[in-house]
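Each chain, letter by letter, is given below.
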Amino acid sequence: MKITFFSTQPYDKTFFDEHNHAYGYTLEYQDTQLNRQTVSLAEGSEAVCVFVNDKVDEPVIAALAAGGTKIIALRCAGFNNVDLEAAKKHGLRVCRVPAYSPEAVAEHALAMILTLNRKTHKAYNRVREQNFSLNGLLGFDIHGKTVGVVGTGNIGKAFARLLHGFNCKVIAYDIVADESLVRSGVQYAPLETLLAQSDIISLHCPLNDQTRHLINKKTLEGVKKGVMLINTSRGGLVCTQDVIDALKSGTIGYLGIDVYEQEEKLFFRDLSANIIQDDMIQRLMSFPNVLVTAHQAFFTHEALVQIAETTLGNIKSITETGEAVNKAASLV
Ligand code: NAI
């Protein structure tokens, strides 16, 4: 079986080639994103393997089906970039990697909190320039603070567990409460209450019609002044312009983002010699209290092993049994 990969990075090849020994598939790697212009590269492949910024909309799905593709295998957890209805209509199966390493993302969210708070990124540069002054590096104790977790699935749960270790009060908002978290002392509350009480808010829900621009001008009116906002989930959860306004007014005191609404034109590439046309990301990066990472929260050795194993396992399992490795991995 031939599988065409889109948006391939060198580390994808390393991990997939290593794990493919057990499967013997023909893996064809394309650097380019999957979209209407590039879909013809998949012709003759029974499966395509896509990532977070590939645009798998109806025209792309129709073209994939016409070219003989039967399976769309996401090598990530989020699936907001795939039109599932269109996949069903054209008879394509869609699978994903529901939980490859929730800890990887949760730990990155925590790293962003600690960096923004204690300014270790600035201290590192300062000391290298022989500037040993502490002025401007003042932080706060995380211990005892209230942390609001929006979305308590695999990642939100792992994140809440980490914050318990800091002796934080953890409050959560989700459409379904998780009993194990409640037993561990997490209090579920309506979104408004979470926003009003949290010193730190971390987003871990998927992007969908209900959650798009969950953080906007109106919801930001209800947060604690100087709140720290962390988004490692999907850029579309926040209205970037409203967040910039809130940073300017001091409503948001710290912002850590690993995802950005227009990230598909920027992330996963070296643009250091380019003129960036996106003024919004440039404005965000100009704030001293903003930390941007380029969708790297998932990027640990353990996660990449799990992603390669589950993705190839899903394709094999769908081919042989009609279902992916586990129920949560089968989307259509
Ligand atoms: P999950 O499916 O285990 O959990 C999602 C949780 O969000 C569920 O508990 C669900 O009930 C809740 N939810 C759904 N709709 C909601 C709403 N309207 N309001 C509040 N909560 C809602 O997903 P998981 O594995 O925890 O991942 C969460 C998100 O993290 C993914 O959707 C993906 O977008 C993002 N992600 C980011 C990565 C990165 O590298 N930055 C890597 C992996 C995932």
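Within each chain, residues carry numbers counting from 1 in the order of the written sequence. In keeping with the model being predicted, local features are shown solely for residues with a pLDDT of at least 70 and side-chain atom pairs are shown and tallied solely at 80 or more, while totals for entire chains, interfaces and linings include all residues. Side-chain measures here rest on the full set of heavy atoms in the structure, leaving out hydrogens and waters.

- The name given to the chain in an unreviewed UniProt entry is 2-hydroxyacid dehydrogenase, and the organism recorded there is Chitinophaga horti.
- UniProt positions are given in the numbering used here, feature names are shortened, and annotations may be inferred rather than shown by experiment. Of the chain, the UniProt comment under Sequence similarities (unreviewed entry) reads exactly: "Belongs to the D-isomer specific 2-hydroxyacid dehydrogenase family."

## Remarks on the site of the ligand
Piece 1. Any residue with a heavy atom positioned within 4 Å of a molecule or strand is treated as near that molecule or strand. Near the ligand there are 25 residues, and of these Y100, N154, I155, D174 and T232 occur at the shortest range.
Piece 2. Within the contact set of the ligand, an oxygen atom lies 3.3 Å away from a backbone nitrogen or oxygen of G153.
Piece 3. Within the backbone of T232, an N or O atom sits 2.8 Å from a nitrogen atom of the ligand.
Piece 4. Note that Gly is not counted as nonpolar here; it falls among the polar residues with everything else outside the nonpolar set of Ala, Val, Leu, Ile, Met, Phe, Trp, Tyr, Cys and Pro and the charged set of Asp, Glu, Lys and Arg. In the shell around the ligand, the residues fall into 11 nonpolar, 11 polar and three charged. Within 3.5 Å is the distance limit for a polar contact, defined as a pair of N or O atoms, with the added protein rule that one can donate a hydrogen and the other accept it, and that residues adjacent in sequence qualify only through two side-chain atoms.

## A closer look at the pairing of strand β10 (residues 227–231)
Sheet faces and side chains relate simply in a regular strand, where the side chains alternate between the two faces.
Piece 1. Exposure is judged per residue with a 1.4 Å probe applied to protein chains only, and the accessible area is read against the type maximum: over 50% gives exposed, under 20% gives buried, and values in between give partly exposed. Counting from the N terminus, the helices are DSSP H or I runs at least four residues long and the strands are E runs at least two residues long. Burial analysis of β10 places five of its five residues in the buried class, which makes it a mostly covered element.
Piece 2. Of the two faces of β10, the one lined by V227, L229 and N231 and the one lined by M228 and I230 are each fully buried.
Piece 3. DSSP bridges decide pairing: two strands pair if at least two such bridges lie between them. Relative to β10, strand β9 (residues 200–203) is paired through four bridges, and the arrangement is parallel. Across the sheet, I200 pairs through a bridge with M228, a residue of β10.
Piece 4. Sheet topology places β10 next to strand β11 (residues 252–257); five bridges connect them, and they run parallel. If you follow N231 over to β11, its bridge partner there is I257.
Piece 5. We call a crossover right-handed when, viewed with the strands running away from us, the connection from the first strand over the helix to the second turns clockwise. With helix α10 (residues 240–249) bridging β10 and the parallel β11, this β-α-β connection has right-handed handedness.

## Regarding the sheet that holds strand β12 (residues 290–292)
Piece 1. Sheet architecture is open: seven strands sit in the order β8-β7-β6-β9-β10-β11-β12, paired in parallel fashion. Two strands lie at the open edges of the sheet, namely β8 (187–188) and β12, each paired on one side alone.
Piece 2. Pairing of strand β7 (residues 169–173) with β8, which is carried by two bridges, proceeds in the parallel orientation. In the sheet register, I171 faces β8, and the bridge partner there is Q187.
Piece 3. Pairs of residues are marked as contacts when any of their non-hydrogen atoms sit within 4.5 Å. The axes used here are C-alpha line fits, helices contributing only the stretch in contact, and every angle between their N-to-C directions lies in the interval 0 to 180 degrees. Its contacts with the sheet place helix α6 (residues 154–164) against β6 (146–150), β7 and β9, and it is angled at close to 170° to β6.
Piece 4. The sheet strands contacting α10 are β10, β11 and β12, and the helix crosses β11 at an angle near 140°.

## Focus on the domain arrangement of the chain
Piece 1. In this entry, domain limits derive from an automatic or database-based domain assignment. Domain annotation of the chain identifies domain 1 (2–100 + 300–329) and domain 2 (102–292).
Piece 2. Taking only C-alpha atoms into account, the centre of domain 1 sits 30 Å from that of domain 2.
Piece 3. Facing the 14 residues of domain 1 at the interface are nine residues of domain 2.
Piece 4. Throughout, buried area stands for the accessible area (probe radius 1.4 Å) lost by two parts on being put together, summed over both. Between domain 1 and domain 2 lies a buried interface of about 980 Å² when both sides are counted; carbon and sulfur atoms form 50% of it.
Piece 5. Each reported salt bridge corresponds to a side-chain nitrogen of Lys or Arg within 4 Å of a carboxyl oxygen of Asp or Glu. Where domain 1 touches domain 2, the interface holds one salt bridge.
Piece 6. Across the pair E264 and K55 runs a salt bridge whose closest N-O atoms are separated by 3.2 Å.
Piece 7. In this structure, the connection of domain 1 to domain 2 is made through five residue pairs in polar contact (both at pLDDT 80 or more).

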